Structures are given as structure tokens and as C-alpha cells.
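Single-letter residue listing:
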Amino acid sequence: MGEKSSTGEANNSLLLHGKYELGRLLGHGTFAKVYHARNLKSGKSVAMKVVGKEKVMKVGMMEQIKREISAMNMVKHPSIVQLHEVMASKSKIYIAMELVRGGELFNKIARGRLREETARLYFQQLVSAVDFCHSRGVYHRDLKPENLLLDEDGNLKVTDFGLSTFSEHLRQDGLLHTTCGTPAYVAPEVIGKKGYDGAKADIWSCGVILYVLLAGFLPFQDDNLVALYKKIYRGDFKCPPWFSSEARRLITKLLDPNPNNRITISKIMESSWFKKAVPKNVMGVKREELDLEEKIKQQEECKSSTMNAFHII
Ligand code: ATP
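Residues numbered from 1 in each chain as written. Predicted model: local features only at pLDDT ≥ 70, side-chain atom pairs only at ≥ 80, totals over all residues. Heavy atoms only, no water.

Which residues make up the site of the ligand, and what values do they have?
Around the ligand, 18 residues are found, and the nearest of them are Thr30, Lys49, Glu98, Glu104 and Asp160. When the free accessible area of the ligand is taken as 620 Å², the share hidden by the protein chains comes to 78%. For the ligand, the cavity whose grid points lie within 2 Å of the majority of its atoms is the largest pocket. Elements with a contribution of two residues or more to the shell around the ligand: strand 2 (20-28), strand 3 (32-39), strand 4 (45-52) and strand 6 (92-98). For the shell around the ligand, the element with the most residues is strand 2, which contributes three residues. Along the lines of polarity and charge, the residues of the shell around the ligand split into nine nonpolar, five polar and four charged. (Near = heavy atom within 4 Å. Areas by Shrake-Rupley, 256 points an atom, 1.4 Å probe, with all protein chains shown as cover. 1 Å grid on protein atoms, 1.4 Å probe; cavity = no way out; pocket = protein on both sides within 12 Å on 5 of 7 lines; lining within 4 Å. Sits in = over half its atoms within 2 Å of the grid points. Helix = DSSP H or I, 4+ residues; strand = E, 2+ residues; numbered from the N terminus. Nonpolar A, V, L, I, M, F, W, Y, C, P; charged D, E, K, R; others polar.)

If you want it as C-alpha cells, here you go:
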């Protein structure tokens, strides 16, 4: 953070673009550091993701960063981390996002498995967010507890759209062909080379997440990657005895190795396990509720803000 910002002030003087005051480091990923920041005008706190352009370009990841920004721009939903704005200096990209203060769901599971009611609430929020992404033609492709943050009220927020893609990237066969994601959470058809439906692959990852929430460990595990992929391919997992029969039934449908037989999001939402006590805020933004006019308006807003962002990058 030793470079000069566009205002001419050194970034480590904590002033960014004269607009944000940068604070402590919240965490870092492969290409970015995430800081606490305060919008000087509104006084509101945000999470500021700082990406080094050189590092990203060296490994040919600039398109991926742009895709992450575009995807976040397209999905405004209470269970998805919101993008506020994107800024750039000569050497860095600054992504101002909603600040989520409760840490990763991963850390919570690391302390032990969850009660079924708690797991249900997270799963309902996750599925609602994923449904919304799919309705916008966005496939996350890296759903896992490390990419699910918790806010102060314990609500789940999906983040890290770094591996996401859009329906317009489907090949002529209507399928995606890039193998990506995290091995333990990846669907069998993503490992194969025949192409896959991004929505069905995300649903599989939701199944692995639900299993992990209820069990406290992964459904498919092996130190050897080939052996792990074989287990995933065969859908070779067992539910521990403490899973309720309804949870078992749902997980078996989510982790169906045949994507054509795998449960769809609307069927998940109709399942008895999912439907128990759905909190009002979870189902606040359902695909059916968005009328065409609203969809077009949102898409146009997204397009113009993304274009602005890419102009400066
Ligand atoms: P990679 O993208 O390389 O897999 P990552 O997902 O961990 O890594 P980032 O998205 O850059 O990387 O996030 C780094 C860390 O910053 C996260 O692990 C999280 O602890 C923190 N963080 C990210 N986004 C937010 C946010 N909106 N609010 C609060 N903390 C955040």
C-alpha cells in the first residue's frame, strides 16, 4: 500500500481518492487484501478489496477480476455481499463492498457441527441467494463455507464471485466447459470433460455445504485427489446417524451424481425440510416476484455501472 493514490496522497496515509479512509486489514486472498474503510461523506463503513493490477495481469487474471465485478453488479440481494463502487489507480483496483462483520461460516463450522434449525436458516438464505444469481444468469462456481460470510445478526452473505460466469458464456451445446472450483465441493460433471450446467453444479455445492453444516465434516474426503474425484463421481457418501430422515432425503437428492436427476432449486424450496419455518427476509426476493420491467431496469443499471468501472480499470 505504498503507492500514490489518484488524489496524490500516499495510500498509507489512509486516504483513498479523498473519499475513503482505509483502516485495518480484514483478511487477504490470493490476489487481494481486504481492508476496513470508512466513506468520509456518509460515515458508513465498507470492506475495501485492494487488488494489485501487476500481480493479476502477470497471471492473466484481469478478465476474472472484471467478471467478479460484473457478477457482483448484477446480483443485488439481501443474502449476497453488495458491491458499492469500483475505483482504480495506476497500479491498483479498489472494490468497495458491503462490510460483513461476523466472519466466515467456515470458522463457525470449525467449532463444531450446527443444530438442524441453524443449518436450515443458513441453507435457506444460501439457496435464496443462489436462485437469485441463476435468475440473473450468474453461476457462482465456487460455493463453499469460506465464501459465505455472516453479518452481525447471523445472516449469511454469499461472496467471492471470482470464479463466477454468465449464461452468455455457454458454448453452442448450452454448457460450460471450464473446470474450476474447490475439489471437495465440485460437482462430478465439472470434473468430467463433457461440459456442465452451471446451475446444477452450484446446486451440488449447496448439497456439500448442507452436509458439512449438519455433519461438521465433508461428505467426500480423501488425501488423494484421484480417489476423492472417484468418490464424488460415484456419489459415494454416507449420512451420519444424527441426520433427520428429511435432511437425509434432501441431501441424497442434492448430491445425485447425475445432474439430470439432481433436484432443482424450486423443488428444494418445496421440500419439507427446507420449508420448515422459512424466515420472511429469506424469501424476500424471489425470481417470480421480479416483473419484467424491474428486471430490465436492474440490468441497465448494472450495465452502466460496470461500464464505468471498466472504463477506469
Ligand atoms: P481467494 O479469492 O484467493 O480464494 P478469498 O476469497 O479468501 O481468497 P477475498 O475475497 O480477497 O479472498 O477475501 C479475503 C478475506 O477478507 C476473506 O477471507 C474475509 O475474511 C475478508 N473479507 C472479504 N470480503 C469481506 C467483506 N465484504 N466484509 C468483511 N470481510 C471480508
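Moving on from the model shown.
Residue-level account of the nonpolar core, with values.
Membership of the largest hydrophobic core comes to 81 residues, with the highest contact counts inside it found for Phe123, Leu126, Val158, Phe161, Ile251 and Ile268. Ranked by residues supplied to this core, first place goes to helix 6 (residues 198-215) with 13 residues. Residues in contact with Phe123, not counting those within four places in the same chain, are Cys206, Leu210, Leu250, Leu254, Ile268, Trp273 and Phe274. Counting residues in each nonpolar core, the second largest holds 11 residues, with Tyr20, Ala37, Met87 and Tyr94 among its members. (Core = buried A, V, L, I, M, F, W, Y, C linked by side-chain atoms within 4.5 Å. Buried < 20%, exposed > 50% of the residue type's maximum accessible area, 1.4 Å probe, protein only. Contact = heavy atoms within 4.5 Å.)

Give a description of the pattern of salt bridges that names residues and reports values.
Applying the stated criterion across every chain yields a total of 12 salt bridges. When the shortest N-O distance is used, the salt bridge between Lys19 and Glu85 registers 2.7 Å. One end of the pair, Lys19, is in the loop between strand 1 (15-16) and strand 2; the other, Glu85, is in strand 5 (residues 83-88), and 66 residues separate them in sequence. Looking at Glu85, the relative accessible area reads 22%, which means it is partly exposed. Between Arg262 and Glu189 there is a salt bridge; the shortest N-O distance is 2.8 Å. Here the residue Arg262 occupies a position in the loop between helix 8 (245-254) and helix 9 (265-270), and Glu189 occupies one in helix 5 (residues 188-191), the gap between them amounting to 73 residues. For the pair formed by Arg262 and Glu189, the shared burial category is buried. (Salt bridge = Lys/Arg side-chain N within 4 Å of Asp/Glu carboxyl O.)

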